Amino acid sequence: MGKIKNPPHPPISLVTTNIPGRAGSYYFGQNLGERTITVPLTITADSILDIPAKKRALMSWLFYDDPMQLILPDEPDKYYMAKASGETNIDKILRVGFGTVTFVCPDPIAYGVTEKTANFVPGDTNPLQVVNNGDLDAYPQLHFEFTGNTTEFGIFSADDYIYFGQAANVDTQTAVTKRTKVLDDDCSSVAGYTAGVGVDGGTVAGTLSSDGTKIRASDYGSGSTWHGPAGVKSLGQQIQDFTVQVEAGFKAGYAYQVGRLEVYLLDINNAVIGKMAIRDSSVSLDNPYLEARAGNLSTGRVFVNFTGSVGSWKQFNGPIRLTRIGNRWEFSASRRDNNGKLYKTFSYSFIDKDNLYNQKLAAIQVHFGVYGTRQAISTNYIEQIQVWNEKTPASTEVPYVFEAGDILDIDCSSGQIIKTSNGNQEEYYYAMDPGSNFIRLMKGTNALSVYPSDIITNSYLKYRERWL
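As annotated in an unreviewed UniProt entry, the protein chain carries the name Phage tail family protein and comes from Polycladomyces zharkentensis.

See below:
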């Protein structure tokens, strides 16, 4: 049997630029190319006639979509993310086959099979000592659970830090809760909804219902344009600055299905002051797009009309959110994976510099629609509706960035920051200090500190060591 061929390092290419009239070149760093690993193989069959079946089973095992872990026998504590590539030829001698498989590693780095964990001790002001035995920087995942309120929170290493919020001056400033939840509807019933007041480019028809966990259209009624049920939920108060978020599902069974899921923002007189939606108007493609608007249909400003690449938002489930604080409107949508984690977030903001769209929010209206006699989207629902009053702190107030019960997750490899509050997840970049950079665990011993440390529990970091 031959030897495994794994070069001591991936290809290294220098980034240089030649300057006319100057000897040599300017050096601008280096790039690592993909790693290629060649692995010999032997197939032992029950008979010479059994070898073709064994070959097909091997090829089926090697044919997969995404890179997977490859562990080599001389380093069982490390793995590469590899994908079989090229031809795999098998030579037969009686009932034994010999050949080689070429694996390509787009990411040329080796990772530790064992994920290491280090725990932060609540109230301990001494730095946490974390050892990285790899020969490259490692990028940890950080998890914090808060037992108290704070206007600031930071994680610090020798060269990096991530800092949220700001310190409160005890002489002149008061710490306050920035946001207050004014609506949390679990969509178990539609009993608290009143009749819809109208929808864009269509009519209110059909029936809104709940199956105990989700609100959806049980009947779309009829109409020649957009039509379907709508219902209004009052907040019981008027709020100036707000965030409205719905946890939604929008999934077509066939490309020819059309539909829309819309959330209207209403003032005290049920006039529309804004809208967000996910909709699919195509009868040939499963290609939903996202929409957000400040104001009403006739005089409002559509500041999001986004689909991205074809099919980017198909089979969608996750939160869509519309926020207005002062004259700044922001829309965002995120997918949620099977483990409940958010990914693939799109966000966009609009500044209402002329203050045209500043009416107070008093109610929301949900609407599910279909066009004419077209077949409706198979799965179209809302399973949670939340509204927050986003208080704008006075000059003598500093808002809490984390409160008791909040959870903070930071992935220093992907750059994702998620805050979970009362079960609600949101990407949490806006409270982060602009000078922050993600924590690196350098080779050797690293000292990590958190501040304040007396308001956290069940907090830790996880990391995989890396090698060239």
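Visitor: How would you sum up the sheet that holds strand 9 (residues 116–119)? Please name residues and give values.
Guide: Pairing between the strands of a sheet comes from backbone hydrogen bonds, and it takes one of two forms, parallel or antiparallel. Pairing is antiparallel in the open sheet, where six strands are placed in the order 9-37-11-33-34-35. Of all the strands in the sheet, just strand 9 and strand 35 (424–427) have a single pairing partner and so form its edges. Neighbour-to-neighbour, the strand axes of the sheet open up by a mean angle of 15°, direction not taken into account. Looking at chain direction, strand 9 and strand 37 (residues 456–463) are connected through four bridges and run antiparallel. Bridge pairing links Thr117 to Lys462 in strand 37.

Visitor: Explain the nonpolar core to me, and be specific about the residues and the numbers.
Guide: Among the nonpolar cores identified, the biggest contains 48 residues, and Phe331 and Leu361 are the most heavily contacted of them. With residues up to four places along the chain from it excluded, the contact list for Phe331 reads Met276, Leu290, Glu291, Ala292, Phe303, Val304, Ile320, Arg321, Leu322, Phe346, Ser347 and Tyr348. Core analysis: the second largest hydrophobic core is formed by 29 residues, Leu408, Met432, Leu441 and Ile455 among them.

Visitor: Provide a residue-level description of the pairing of strand 5 (residues 78–85), including the pertinent values.
Guide: Relative to strand 5, strand 4 (residues 68–70) runs antiparallel, the two sharing three bridges. What sits directly across from Met68, in strand 5, is Ala82. Across two bridges, strand 5 lies against strand 8 (residues 110–112) in antiparallel orientation. In the strand pairing of strand 8, Tyr79 is matched with Tyr111. By the bridge criterion, three bridges tie strand 5 to strand 7 (residues 96–105) in an arrangement that is antiparallel. Within strand 7, the residue paired with Ala84 across the bridge is Phe103.

Visitor: I'd like to hear about the packing of aromatic side chains, residue by residue, with values.
Guide: As enumerated under the stated definition, the model contains 18 aromatic pairs in all. Look at Phe153 and Phe402: their rings are 6.0 Å apart centre to centre, the planes differ by 80°, and that puts the pair in the edge-to-face class. Taken together, the positions of Phe153 in strand 12 (residues 152–156) and Phe402 in the loop between strand 32 (397–399) and strand 33 (407–411) put the pair 249 residues apart, joining distant regions of the chain. Judged on exposure class, the residue Phe153 and its partner Phe402 are both buried. Both rings, one in Phe303 and one in Phe350, keep their centres 5.6 Å apart while their planes meet at 25°; by these two values the pair is stacked. Linking Phe303 in strand 26 (residues 301–306) with Phe350 in strand 29 (residues 342–351), this pair joins segments that are 47 residues apart in sequence. Assessed through its relative accessible area of 9%, Phe303 is described here as buried. By the ring-pair criterion, three or more aromatic residues cluster together here, those being Phe120, Phe144, Phe146, Phe153, Phe164, Phe402, Tyr428 and Tyr430. Seen from the ring of Trp467, Lys78 lies directly overhead, with NZ or CZ sitting 4.3 Å from the centre. Note that Arg179 overlies the ring of Trp388, its terminal NZ or CZ placed 4.5 Å from the centroid.

Visitor: Please provide a residue-by-residue account of the pattern of salt bridges, values included.
Guide: Applying the stated criterion across every chain yields a total of 22 salt bridges. The partner of Arg179 in a salt bridge is Glu390, and the shortest N-O contact between them spans 2.6 Å. With Arg179 in strand 15 (residues 179–185) and Glu390 in strand 31 (residues 379–390), this pair connects stretches of sequence that are 211 residues apart. A single burial state applies to Arg179 and to Glu390, both of which are buried. When the shortest N-O distance is used, the salt bridge between Asp184 and Lys181 registers 3.4 Å. Because the salt bridges share partners, they merge into one network encompassing Asp200, Arg260, Glu262, Lys275, Arg279, Glu291 and Arg293.

Parameters and conventions
Residues numbered from 1 in each chain as written. Predicted model: local features only at pLDDT ≥ 70, side-chain atom pairs only at ≥ 80, totals over all residues. Heavy atoms only, no water. Pairing = 2+ DSSP bridges. Helix = DSSP H or I, 4+ residues; strand = E, 2+ residues; numbered from the N terminus. Axes fitted to C-alpha atoms, helices over the stretch in contact; angles between N-to-C directions. Core = buried A, V, L, I, M, F, W, Y, C linked by side-chain atoms within 4.5 Å. Buried < 20%, exposed > 50% of the residue type's maximum accessible area, 1.4 Å probe, protein only. Contact = heavy atoms within 4.5 Å. Phe/Tyr/Trp six-rings, centres within 6.5 Å; stacked < 30°, edge-to-face > 60°. Lys NZ or Arg CZ within 6 Å of the ring centre and 35° of its normal. Salt bridge = Lys/Arg side-chain N within 4 Å of Asp/Glu carboxyl O.

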